[in-house]
Amino acid sequence: MLEEEIHAFENIFKSKEYIFFTIYENDTQRPIGNTFLSDIDYKNRTAEFNIVIGEKEFRGKGYGTEAALLVLDYALNIVGLHNLFLKVFEFNKSAIRAYEKAGFIICGSRRQSHYIGGRYWDIIFMEALATEFKG
Ligand SMILES: CC(C)(COP(=O)(O)OP(=O)(O)OC[C@H]1O[C@@H](n2cnc3c(N)ncnc32)[C@H](O)[C@@H]1OP(=O)(O)O)[C@@H](O)C(=O)NCCC(=O)NCCS
């Protein structure tokens, strides 16, 4: 039901466990994707990072890296979080590269835990610490 979905989204947007951002192309102010922090834990100062450049023609142009960098900076230096975490499939090379350029490092994996295209793939874990971030 549409109304239930809208209600669910409204509750998520109100929740302190999430912070949402829309990513715009500077020149046209066109919205091209979104990025958000989820599972924010203010006691342990941790959160999970998520991003999608929804408009495919805007992928591979540096927007993902820049958005990740800005959210890292905001989360670690403004919100005061200490550890940001993310999960990414091992075949998503452009995402892993963008996250590394922004300041995330690989900290582990769950091997062969995602089945797609007739084979198992690892899920890669990445993290960024406030004490190591040089945004
Ligand atoms: C993942 C995503 C956010 C990355 O954002 P983006 O704007 O496309 O990425 P950027 O242009 O900033 O950086 C991509 C980097 O990966 C590199 N790259 C692309 N394909 C690659 C490949 N097959 N192997 C290695 N590196 C690759 C690019 O060359 C670039 O690095 P460089 O600047 O050093 O040359 C975006 O592509 C996206 O939304 N994809 C679909 C949704 C998704 O996968 N979300 C993430 C789920 S974890």
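Residues numbered from 1 in each chain as written. Predicted model: local features only at pLDDT ≥ 70, side-chain atom pairs only at ≥ 80, totals over all residues. Heavy atoms only, no water.

Peer 1: Mind showing me how you'd approach the site of the ligand here?
Peer 2: Surrounding the ligand, one finds 20 residues, the nearest of these being I53, G62, G64, T65 and K101. Interatomic distance of 2.8 Å between a backbone N/O atom of G60 and an oxygen atom of the ligand. Out of a free accessible area of 960 Å², the ligand has 65% covered by protein chains. Elements with a minimum of two residues in the shell around the ligand: β3 (46-52), α2 (63-79), β4 (83-89) and α3 (93-102). The dominant element in the shell around the ligand, judged by the number of residues it contributes, is α3, at seven residues. Across the shell around the ligand, the residue classes break down as eight nonpolar, six polar and six charged. (Near = heavy atom within 4 Å. Polar contact = N/O pair within 3.5 Å; in protein donor to acceptor, adjacent residues only side chain to side chain. Areas by Shrake-Rupley, 256 points an atom, 1.4 Å probe, with all protein chains shown as cover. Helix = DSSP H or I, 4+ residues; strand = E, 2+ residues; numbered from the N terminus. Nonpolar A, V, L, I, M, F, W, Y, C, P; charged D, E, K, R; others polar.)

Peer 1: Just checking my understanding: could you explain the pairing of strand β2 (residues 31-41) for this structure?
Peer 2: Remark: a regular strand shows side chains that alternate across the two faces of the sheet. Alignment of strand β1 (residues 19-24) against β2, held across six bridges, turns out to be antiparallel. Residue F21 lies in a different strand from β2, and its bridge partner there is T35. Connecting the antiparallel pair β1 and β2 is a turn made up of six residues, with Q29 showing a positive phi of about 60°. Sheet analysis places β2 next to β3, joined by six bridges and oriented antiparallel. Residue pairing across strands places S38 opposite E48, the latter belonging to β3. In sequence, β2 turns back onto β3 through a hairpin of four residues, with R45 there showing a positive phi of about 60°. (Pairing = 2+ DSSP bridges.)

Peer 1: In this structure, what is going on with the nonpolar core? I would like to understand it.
Peer 2: A general feature of soluble globular proteins is that nonpolar side chains tend to end up buried together. Counting 23 residues, the largest nonpolar core has L37, L84 and F104 as its most contacted members. The greatest single-element share of this core, amounting to five residues, is contributed by α2. Setting aside residues up to four positions removed in sequence, L84 forms contacts with L37, A47, L72, A75, L76, F104, M126, E127 and A128. With six residues, the next largest nonpolar core counts I23, I32, Y63 and A67 among its residues. (Core = buried A, V, L, I, M, F, W, Y, C linked by side-chain atoms within 4.5 Å. Buried < 20%, exposed > 50% of the residue type's maximum accessible area, 1.4 Å probe, protein only. Contact = heavy atoms within 4.5 Å.)

Peer 1: I keep staring at the packing of aromatic side chains and nothing clicks. Help me out?
Peer 2: Applying the stated criterion to the full structure yields 14 aromatic pairs. Relative to F104, the ring of Y99 lies with its centre 6.0 Å away and its plane at 70°, an arrangement referred to as edge-to-face. Classification of Y99 by relative accessible area gives buried; the value is 10%. Taken together, the aromatic side chains of F9, F13, Y18, F20 and F36 make up a single cluster linked through ring pairs. Lying across the ring of W121, R119 places its NZ or CZ 3.5 Å from the centre. (Phe/Tyr/Trp six-rings, centres within 6.5 Å; stacked < 30°, edge-to-face > 60°. Lys NZ or Arg CZ within 6 Å of the ring centre and 35° of its normal.)

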